[in-house]
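Per-entry structural report
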Amino acid sequence: MTSRRRFAATLLGAAALAAAPAVWAADNAPIHLLVGFPAGGGSDVIARLLTDKLQAELGRNVLVENRPGAGGQIAAQLLKAARPDGTTLFLSHDHTISILPQVVKKPGYAPQEDFVPLGGFATFVNGIAVSPGTPVKTVGEFVEWVRARGGKSAVGIPAPASTPEFLVQLIAKRYGLDLVAVPYKGSAPMMADMLGNQIPTGVGSVQDFIEYQRAGKLRMIGVLGGQRQDAMPDVPTFAELGFKGLEDTPFYGIWAPKGTPAEFVRRFSQALEKVVALPEVRKGLTDLGLTVGYMTPVQLEQRERAYTRVWSRIIAESGFQPH
């Protein structure tokens, strides 16, 4: 190779190296925040609460992009296929990250291999609620009501093979009932059927039920977790009712595709930490029934792994076979 060619090659190599840290898109490019559930559901409301403040902190547009279907699986697959340039992120809770990969043979993604955690911002609890036409006010009354109907009843869940579905199984086993989990494509359509008395009961996250609980349109009769929730202190925990072993709480976080530059991860995580600390954001998330608390990328990954281990045992004991 001539000295001139060698010099040109050196320049090209230097240019490539100089561009390498800036793999992510220009700072003014919009960020698309994928949400794997329909508009109007709990995850969607939370995403929209965060995006305005994230936009101000990052100095760029952050757009919520609802890609519902298969319990968040479609959105997760889109994240895996996205360019790791900081323009496509994923807001999710435990179901798509920790549960779904254990109950689907080929989910099309592996969170710990394909995703990079950017940070967490809250935990929450699941609970059971009854429709306005269901004449019960406590878990005990619910059990007796089902027994009076032959011991069988339908219970709505926001997604198949989800934590709520396994909770339905555990509740049924605990009280000797034949409860049939009816899966929906997200919490919003489940809420619609509950409000219309098309289904008597539902199991889902507190943030799905809380506004209807406050408005007197639905009644929550029990929540999981180790303590009562500040947003609904009158609703007892299943632990109080003698139902132990379900104190571990699900989580919310944001992820990017594998290969996203460490500098973008750092910048976004710092922005998320500042946003979560804002009084109006904390209040908004708390009012939705969440327990607010920032988690670093490392802490979110640790929580994800721990939660996955807990539910792998519960899923195995249930006899569920991945499909």
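What you see is a predicted model, and the numbers here were worked out from it, not measured in a lab. (Residues numbered from 1 in each chain as written. Predicted model: local features only at pLDDT ≥ 70, side-chain atom pairs only at ≥ 80, totals over all residues. Heavy atoms only, no water.)

1. Focus on the layout of surface pockets
A volume near 170 Å³ is recorded for the second largest pocket. Taken together, G40, G41, G42, V45, S187, A188, M191, Q207, D208, E211, Y212 and L288 make up the lining of the second largest pocket. Of all the secondary structure elements, the ones that give two or more residues to the lining of the second largest pocket are α2 (42–58), α8 (187–195) and α9 (206–214). Considering every element that reaches the lining of the second largest pocket, the biggest residue donor is α9, with 4 residues. Residues that form the lining of the second largest pocket fall into these classes: 5 nonpolar, 5 polar and 2 charged. (1 Å grid on protein atoms, 1.4 Å probe; cavity = no way out; pocket = protein on both sides within 12 Å on 5 of 7 lines; lining within 4 Å. Points joined across faces, edges and corners; volume = space filled by probe spheres on them. Helix = DSSP H or I, 4+ residues; strand = E, 2+ residues; numbered from the N terminus. Nonpolar A, V, L, I, M, F, W, Y, C, P; charged D, E, K, R; others polar.)

2. Quick look at the sheet that holds strand β6 (residues 152–157)
With respect to topology, 5 strands assemble into an open sheet ordered β7-β6-β8-β5-β9, the strand pairing being mixed. Looking at strand neighbours, the two that pair on one side only are β7 (178–183) and β9 (219–223), the edges of this open sheet. Pairs of neighbouring strands in the sheet enclose a mean axial angle of 30°, with direction left out of account. Strands in contact with helix α7 (residues 163–175) are β5 (126–130), β6, β7 and β8 (201–205); relative to β7, the strand with the most contacts, it is inclined by about 170°. (Pairing = 2+ DSSP bridges. Axes fitted to C-alpha atoms, helices over the stretch in contact; angles between N-to-C directions. Contact = heavy atoms within 4.5 Å.)

3. Regarding empty space enclosed by the protein
What the rule picks out here adds up to 2 cavities of 30 Å³ or more. Within this model, the largest cavity holds a volume of roughly 180 Å³. Lining the largest cavity are 17 residues, with F37, H93, P158, S205 and D208 positioned closest to its centre. At the level of elements, α2, α4 (94–103), α7 and α9 are the ones that each hand at least two residues to the lining of the largest cavity. Considered class by class, the residues forming the lining of the largest cavity number 6 nonpolar, 9 polar and 2 charged.

4. Topic: the packing of α2 against helix α11 (residues 279–287)
Where α2 meets α11, the axes come as close as 10 Å, and the angle between the chain directions of the two elements is 175°. It follows from the interaxial angle that α2 and α11 lie roughly antiparallel. Here I46, L49, L50 and K53 of α2 come into contact with α11, specifically with E280, V281, G284 and L285. Taken together, the residues that form the contact of α2 with α11 break down as 5 nonpolar, 1 polar and 2 charged. (Parallel < 35°, antiparallel > 145°, perpendicular 65-115°, else oblique.)

5. Considerations on the environment of G176
Take G176: it is sitting in the loop between α7 and β7. The class for G176 is exposed, based on a relative accessible area of 63%. For the pair G176 and L34, spaced 142 residues apart in the sequence, the C-alpha separation amounts to 40 Å. (Buried < 20%, exposed > 50% of the residue type's maximum accessible area, 1.4 Å probe, protein only.)

6. Section: the sheet that holds strand β3 (residues 88–93)
Taken together, the 6 strands give an open sheet; going across it, the order is β2-β1-β3-β10-β4-β11, and neighbouring strands pair in mixed fashion. The open sheet has two edge strands, β2 (62–66) and β11 (291–295), and neither has a second partner. Within this sheet the neighbouring strands show an average axis-to-axis angle of 25°, counted without direction. The strands that α2 touches are β1 (31–35), β2, β3, β4 (115–123) and β10 (251–257); relative to β2, the one it contacts most, it runs at about 160°.

7. Remarks on the pattern of salt bridges
Summed over all chains, the structure comprises 13 salt bridges. For the salt bridge of K274 with E57, the shortest nitrogen-to-oxygen distance reads 3.6 Å. Of this pair, K274 sits in helix α10 (residues 262–277) while E57 sits in helix α2; the two residues are 217 residues apart in sequence, bridging distant segments of the chain. As a salt-bridge pair, R313 and E317 come within 3.6 Å of each other at their nearest N and O atoms. One end of the pair, R313, and the other, E317, are both in helix α12 (residues 297–318), 4 residues apart, so they sit about a helical turn from each other. Residue R313 is classed as partly exposed on the basis of its relative accessible area of 43%. (Salt bridge = Lys/Arg side-chain N within 4 Å of Asp/Glu carboxyl O.)

8. Concerning the pairing of β3
A large share of β3 lies buried, amounting to 6 of its 6 residues. On β3, burial covers both faces: T88, F90 and S92 on one face and L89, L91 and H93 on the other are all buried. In this structure, β1 lies alongside β3, joined through 4 bridges in parallel fashion. Across the sheet, the residue bridging to L34 is F90, located in β3. As judged from the 4 bridges shared by β3 and β10, these two strands associate in the antiparallel manner.

9. Points about the packing of aromatic side chains
A ring pair, where both rings are aromatic, is described by two values, the distance of the centres and the angle of the planes. For the coordinates displayed, the defined rule picks out 9 aromatic pairs. A centroid spacing of 5.6 Å and a plane angle of 15° characterise the contact between Y109 and F115, whose relative ring orientation is stacked. The two residues Y109 and F115 agree in class, both being buried. In this structure an aromatic cluster arises from ring pairing among F90, Y109 and F115. Its end group placed over the ring of Y175, R174 keeps NZ or CZ at 5.2 Å from the ring centre. (Phe/Tyr/Trp six-rings, centres within 6.5 Å; stacked < 30°, edge-to-face > 60°. Lys NZ or Arg CZ within 6 Å of the ring centre and 35° of its normal.)

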